[in-house]
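Residue-level structure breakdown
This is what each chain is made of:
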Amino acid sequence: MPVPCKICGGSAILKRPKTGDALCRECFYKVFEAEVHHTICEANLFTSGETVAIGASGGKDSTVLAYVMKLLNERYNYGLNLVLLSVDEGITGYRDDSLETVKRNEKQYELPLKIVSYEELYGWTMDDIVKQIGLKNNCTFCGVFRRQALDRGALLVKADKICTGHNADDIAETVLMNVLRGDIARLRRCTAITTGTDGALPRCKPFKYTYEKEIVMYAYFKKLDYFSTECIYSPNAYRGYARTYLKDLEKIRPSSIIDIIHSGESLSIKKDVKMPTQGTCSRCGYISSHPICKACMLLEGLNKGLPKLAIGKPHKARQRLAALGTVSPGNSSATASSSAATADSTSDSSSTAKTGTSDIPEQKVDF
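Attention here is on the structure that accompanies the text. Quantities reported herein were computed from a predicted structural model and do not represent experimental measurements.

Its 19 residues place the ends of helix α6 (residues 138-156) 27 Å apart at the C-alpha level, agreeing with the 27 Å of an ideal helix rising 1.5 Å per residue. Looking at the residues trailing α6, positive phi occurs at K158, about 60 degrees.

Below, the structure is given as structure tokens:
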């Protein structure tokens, strides 16, 4: 006997992972889109007339985000100028294929596309970095560089905000990771639906309360064109262990994902706990809680042939730089004229790489 749809009474074809409700296809579409619209309105994510850069990787999250943002923008007259923004990390056999998907999305959704690459911004591809660093800690480099690359790309298209496809699962995983690492600063802000408000480009997450499984179902039933292969360099990523744990919890208690997010939102920090203060990087001028930002530290290590230089605690990295005569141990500002963020020369990527940032507007961007 067919199970009736909880909303319209028709034949249900799916059970919502988030609520357990049996729904037909059309009612699922309506509920999914209505919840994203409610999240956007409740948090006042956008203002009419803004240019919003949608982080597009070609994966399920960003593809559904682009589709739904265009749909809601037209349905509810948000008045937004939407632009697809992609980052080419330089991962052969992965990113080059996913970018082809993004290029198809550009035509399918009739949205302009801007692609920026690690090679043009930093003089390094992830393939080159992995050859130097190996498969351990490579996600640290990629995460830091990709965040800055998105900021730089958004500045090039004159975006007012960046919109990313981070879903409820992603945020819950981040809460768990920050708890396990004891990272109070990140734990305090990782559940925020909008971050970077103290910088030049705020980032928002319309899918904050949307389950990953429902995004996959939406993409499947809508027959959206997306790239589903995992990054070839991420099997050993720390996040993968948090994801596995979260999936086990979800099997037992489907509400665990939202519960963890609400727990993160409700956490308070004792007044006597010292929190990092936001400043600006003395090299590139971007917002950083240290005199030299993580991106510049990582580039410093790569360009000096010491790729593990900035892996670990920031103060230890500065001590290593001081030992090399690059940074004064008492004053962490840069003193070497060949710093990674300002070098104009170009040479082989295994020694001193170009940064390629001279034609990009200098803005203070939240890391």
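The structure having been displayed, the exposition proceeds.
Turn by turn, an α-helix covers 3.6 residues, leaving residues three or four places apart pointing in a common direction. Between its terminal C-alpha atoms helix α7 (residues 168-181) stretches 20 Å, which fits the 20 Å expected from 14 residues at 1.5 Å a residue. The complete set of buried residues in α7 reads A168, D169, D170, I171, A172, E173, T174, V175, L176, M177 and N178. Against α2 (60-75), α8 (184-189), α9 (212-222), α10 (238-252) and α11 (256-266) lie the buried residues of α7. Structurally, the start of α7 carries an N-cap: the backbone nitrogen of D169 is 3.0 Å from a side-chain oxygen of N167. Among the residues trailing α7, G182 stands out with phi positive, at a value near 70 degrees.

Contact geometry of helix α5 (residues 126-133) with α6 gives a least axis separation of 10 Å together with a crossing angle of 145 degrees. As α5 runs across α6, the sense of the crossing is right-handed. Where α5 approaches α6, its residues M126, I129, V130 and I133 are matched on the opposing element by N138, F141, C142 and F145. Residue composition of the contact of α5 with α6, by class: seven nonpolar, one polar and no charged.

So, about the packing of aromatic side chains. By the definition in use, this model includes 15 aromatic pairs. Each ring, one from Y76 and one from Y78, has its centre 6.3 Å from the other, and the planes form 20 degrees; the classification is stacked. Through a chain of ring-to-ring contacts, the aromatic side chains of F28, Y29, F32, Y67, Y109, F207 and Y218 assemble into a single cluster.

Now for the sheet that holds strand β4 (residues 81-88). Strand order across the open sheet formed by six strands is β5-β4-β3-β6-β8-β7, with mixed pairing between neighbours. Single-partner strands in this sheet number two, and they are β5 (113-117) and β7 (194-195). Pairing between strand β6 (residues 161-163) and strand β8 (residues 203-204): two bridges, direction parallel. Residue pairing for β8: I162 is matched across the bridge by R203. Helix α3 (residues 95-109) contacts β4 and β5 of the sheet and is inclined by roughly 165 degrees relative to β4.

Here is what the cut-offs are and how they apply
By convention here, each chain's residues receive numbers from 1 onward along its written sequence. At least 70 in pLDDT is required for a residue's local features to be given in this predicted model, at least 80 for side-chain atom pairs to be given and counted, and no such filter applies to totals for whole chains, interfaces and linings, which use all residues. Excluded from the side-chain calculations are hydrogens and water; all other atoms, namely the structure's heavy atoms, are used. Per the convention used, a helix needs a DSSP run of H or I reaching at least four residues, while a strand needs a run of E reaching at least two, with both numbered from the N terminus. By this rule the span expected of a helix is its residue count minus one, scaled by 1.5 Å. Only protein chains enter the accessibility calculation, which uses a 1.4 Å probe. A residue is then buried if its area is under 20% of the maximum for its type, exposed if over 50%, and partly exposed in between. The contact rule is simple, with two residues in contact once any of their heavy atoms fall within 4.5 Å. Under the rule applied, a polar contact is a pair of N or O atoms within 3.5 Å (in protein, one hydrogen donor and one hydrogen acceptor; residues adjacent in sequence only if both atoms are side-chain atoms). Between N-to-C directions, angles span 0 to 180 degrees; the directions come from axes that are lines fitted to C-alpha atoms, helices contributing only their stretch in contact. Definitions for this section: a left-handed crossing has its near helix turned counterclockwise from the far helix by less than a right angle. A right-handed crossing has that turn clockwise. Residue type decides the class: Asp, Glu, Lys and Arg count as charged, Ala, Val, Leu, Ile, Met, Phe, Trp, Tyr, Cys and Pro as nonpolar, and the leftover types, Gly among them, as polar. Here the aromatic set is Phe, Tyr and Trp, taking the six-membered ring for Trp, and pairing holds for ring centres within 6.5 Å; pairs whose planes are under 30 degrees apart are stacked, those over 60 apart are edge-to-face, and all others are tilted. Between any two strands, at least two bridges found by DSSP are needed for them to pair.

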